[in-house]
Amino acid sequence: MSSRGPRVSKEQVLDVLSAIKDPDLGRDVVSLGMIKDLVIDQAGRVSFTFELTTPACPVRDRFQTLARQLVSDMPGVTAVDLKMTANVRPAFNGHREPAIPGVKHVIAVGSGKGGVGKSTVAINLAASLQLSGARVGLLDADIYGPSVPGMLGVTDQPQVRDQRLIPLEAYGMKLISIGLLAGADKAMVWRGPLVSRAIEQMLGDVFWGELDYLVVDLPPGTGDASLTLAQAVPLTGIAIVCTPQESALKIALKALQMFRGLNVTPLGLIENMSWFVCDDCGKEHFIFDHGRAERAAQRLGVPYLGAIPLEPTIREEADNGAPVVVSRPDSTGAQALRKIAAALAARVSVQSFRQLPVINVR
Ligand SMILES: Nc1ncnc2c1ncn2[C@@H]1O[C@H](COP(=O)(O)OP(=O)(O)OP(=O)(O)O)[C@@H](O)[C@H]1O
Ligand SMILES: [Mg+2]
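These figures come from a predicted structure and were not determined experimentally. (Residues numbered from 1 in each chain as written. Chains lettered and ligands numbered in written order. Predicted model: local features only at pLDDT ≥ 70, side-chain atom pairs only at ≥ 80, totals over all residues.)

Trainee: Looking at this model, I keep getting lost on helix 9 (residues 292–300). Mind explaining?
Mentor: Because each turn of an α-helix spans 3.6 residues, side chains separated by three or four positions in sequence point in the same direction. Three or more residues of helix 9 are buried, namely A293, A296 and A297. All buried residues of helix 9 lie within an arc of 100 degrees about the axis, which places them on one face of the element. Where helix 9 is buried, its residues touch strand 13 (237–242), helix 8 (246–261), strand 14 (266–271) and strand 17 (304–307). Count one or two residues on from helix 9 and you reach G301, which has phi positive near 70 degrees. (Buried ≥ 20, exposed ≤ 12 C-beta atoms within 10 Å, placed from the backbone. Helix = DSSP H or I, 4+ residues; strand = E, 2+ residues; numbered from the N terminus. Arc of directions from axis to C-beta. Contact = placed C-beta atoms within 7 Å.)

Trainee: Got a minute to help me understand the packing of helix 8 against helix 9 in this structure?
Mentor: When two helices pack together, their arrangement is given by the angle between the helix axes and by the axis-to-axis distance. Orientation of helix 8 relative to helix 9, taken along the N-to-C sense of each, is 30 degrees, at an axis distance of 11 Å. In terms of axis orientation, helix 8 runs roughly parallel to helix 9. The interaxial crossing formed by helix 8 with helix 9 has right-handed handedness. On helix 9, the residues that touch E246, L249, L253 and L256 of helix 8 are R292, A293, A296 and L300. A class-by-class count of the residues in the contact of helix 8 with helix 9 yields 6 nonpolar, no polar and 2 charged. (Axes fitted to C-alpha atoms, helices over the stretch in contact; angles between N-to-C directions. Parallel < 35°, antiparallel > 145°, perpendicular 65-115°, else oblique. Left-handed = near helix turned anticlockwise from the far one by under 90°. Nonpolar A, V, L, I, M, F, W, Y, C, P; charged D, E, K, R; others polar.)

Trainee: Even after reading the chapter, I still don't get the domain arrangement of the chain, so can you show me in this structure?
Mentor: Frequently, the measure chosen for interface size is the accessible area removed from exposure when the parts meet. Here the domain parsing of the chain yields domain 1 (10–86) and domain 2 (103–352). Here domain 1 and domain 2 have C-alpha centroids that lie 34 Å from each other. If you look at the interface, domain 1 gives 9 residues, while domain 2 gives 14 residues. Residue composition of the side of domain 1 that touches domain 2, by class: 6 nonpolar, 2 polar and 1 charged. (Domains from an automatic or database assignment.)

Trainee: Please explain the pairing of strand 5 (residues 79–86) as it appears in this structure.
Mentor: Two faces belong to every sheet, and in a regular strand the side chains alternate between them. Relative to strand 5, strand 4 (residues 45–52) runs parallel, the two being bridged by 8 bridges. Bridging across to strand 5, E51 finds its partner in T85. Read from strand 4 through helix 2 (residues 60–72) to strand 5, the crossover connection turns out right-handed. (Pairing = 2+ DSSP bridges. Right-handed = clockwise from strand over helix to strand, strands pointing away.)

Trainee: So what exactly am I meant to see when it comes to the confidence of the model for the chain here?
Mentor: Parts of the model with low pLDDT should not have their predicted coordinates read in detail. Across the chain, the average pLDDT comes to 88, with 91% of residues at or above 70. Looking across the chain, the model is least confident in helix 5 (residues 178–182), with a mean pLDDT of 73, and most confident in helix 11 (residues 324–327), with 98. In the predicted structure, residues 356–362 sits below a pLDDT of 50 and forms 1 contact with residues beyond four places in sequence or in another chain. (pLDDT = per-residue confidence, 0-100.)

Trainee: Please clarify how the sheet that holds strand 4 should be interpreted in this entry.
Mentor: Spatial strand order, 3-4-5: 3 strands in an open sheet with mixed pairing. Two strands close off the open sheet at either side, each with one partner strand: strand 3 (35–40) and strand 5. Between one strand axis and the next, the sheet turns through 10 degrees on average, direction left out of account. In this fold helix 1 (residues 10–17) packs onto strand 3 and strand 4, with an angle of close to 135 degrees to the strand it touches most, strand 3. In the packing of helix 2 onto the sheet, contacts are made with strand 4 and strand 5, and the angle to strand 5 comes to roughly 155 degrees.

Trainee: What's the story with the pairing of strand 3 in this structure? I'm lost.
Mentor: In terms of strand pairing, strand 3 meets strand 4 through 4 bridges, oriented antiparallel. Its bridge partner lying in strand 4, I35 is registered against F50. In sequence, strand 3 turns back onto strand 4 through a hairpin of 4 residues, with G44 there showing a positive phi of about 85 degrees.

Trainee: Which parts of the structure should I look at to understand the sheet that holds strand 14?
Mentor: The strands that make up a sheet pair up through hydrogen bonds in the backbone, lying either parallel or antiparallel. Read from one edge of the open sheet, 8 strands run 10-11-7-12-6-13-14-17, paired in mixed fashion. Only two strands of the sheet have a single partner each, and these edge strands are strand 10 (168–170) and strand 17. Averaged over all pairs of adjacent strands, the angle between their axes in this sheet comes to 25 degrees, without regard to strand direction. One ladder, built from 5 bridges, connects strand 6 (residues 103–111) with strand 13; its direction is parallel. Following the sheet pairing, V109 is matched in strand 13 by A239. On the sheet, helix 3 (residues 118–132) packs against strand 6, strand 7 (136–140), strand 11 (173–177), strand 12 (211–217), strand 13 and strand 14 and is oriented at approximately 170 degrees with respect to strand 12. The sheet contacts of helix 12 (residues 332–352) involve strand 6, strand 13, strand 14 and strand 17, and relative to strand 17 the element is tilted by about 175 degrees.

Structure below.
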């Protein structure tokens with residue numbers, strides 16, 4: 001029972017930890033409520049839980065190292081027991097009830113043009129969030145062609161219970177596809193009211209259960225499905241996928257402005273098919289120009305979430321029914337997609353902490 005250093009207090013530990021700032025939320029992690037269950041025993045052992053706002057947190061490792069280091073360095077601390085967890089906070093949208101009970105965030109993935117890789121990006125972002133430990137659902141709202149089930153190797157029809165649909169499961173994610181329900185091989189003429197009704201049903205009449213993120217793959221452009229979705233539920237926001245060509249980017253930016261006009265928060269711009277790595281020489285070829293989407297995002301004041309290479313593996317894996325982030329996690333494309341998913345999750349966290357706008361009443 002001899003020489004023990006000075007006793008450390010909880011206040012001192014919190015004070016030291018408050019030096020850690022969350023780069024996205026712009027505040028210290030203590031005032032954000034991320035430090036939980038702080039206990040200091042007689043022997044100077046400090047244990048606490050670091051609760052992130054998303055399991056896909058891009059700075060998770062940095063936070064962990066810093067927190068451990070800062071507390072270990074305190075005089076009187078003999079050991080640090082640090083647990084990292086995550087708790088996705090629901091969207092702040094001014095409503096008390098979530099739009100879909102149990103679903104914390106609805107994130108749309110859209111594009112201006114078709115064929116830019118929107119579905120590929122949507123399934124891989126969803127799978128990345130799931131791999132990080134989040135509970136994820138995927139809604140294929142593309143009425144023109146249900147490509148998502150094929151990309152995930154799913155062919156079944158969902159069952160119905162109590163007049164509600166039970167989602168299918170793929171790679172740990174819940175999945176519903178509008179096109180698939182309508183009959184994948186039938187050419188359907190979708191008229192406005194039919195689209196609206198279908199979208200509303202897919203959101204409300206499905207047993208989604210508890211989800212951190214529901215990712216919605218929209219049809220390209222700004223048609224009925226996009227409009228309905230933006231109006232039927234409070235979306236946490238939309239991520240727009242574009243390709244680097246000037247013309248494609250212009251259309252993507254138009255779509256972004258339209259969603260802004262509908263009060264949908266832009267979560268960011270993603271550039272797909274950004275560069276190509278030559279199998280022979282290993283050199284990176286920027287076929288269309290470089291950095292155009294990033295510059296456009298800056299100009300518009302929307303986050304730039306990152307770029308994805310044009311990589312045969314991405315297509316091959318999708319054709320075989322697997323997201324590349326699951327089946328080829330070490331590939332350049334998969335790593336780019338994981339990083340973008342982390343950046344997206346960080347932008348979603350920012351939305352949860354957004355405060356009500358100050359309204360000046362004169
Ligand atoms: N980064 C990439 N590298 C290689 N192939 C890709 C990449 N992104 C998408 N693809 C391939 O390009 C094709 C079109 O992609 P996808 O179906 O995801 O586009 P989309 O924008 O959803 O199209 P649509 O408008 O038809 O819905 C697919 O064959 C897909 O595998
Ligand atoms: Mg698609």
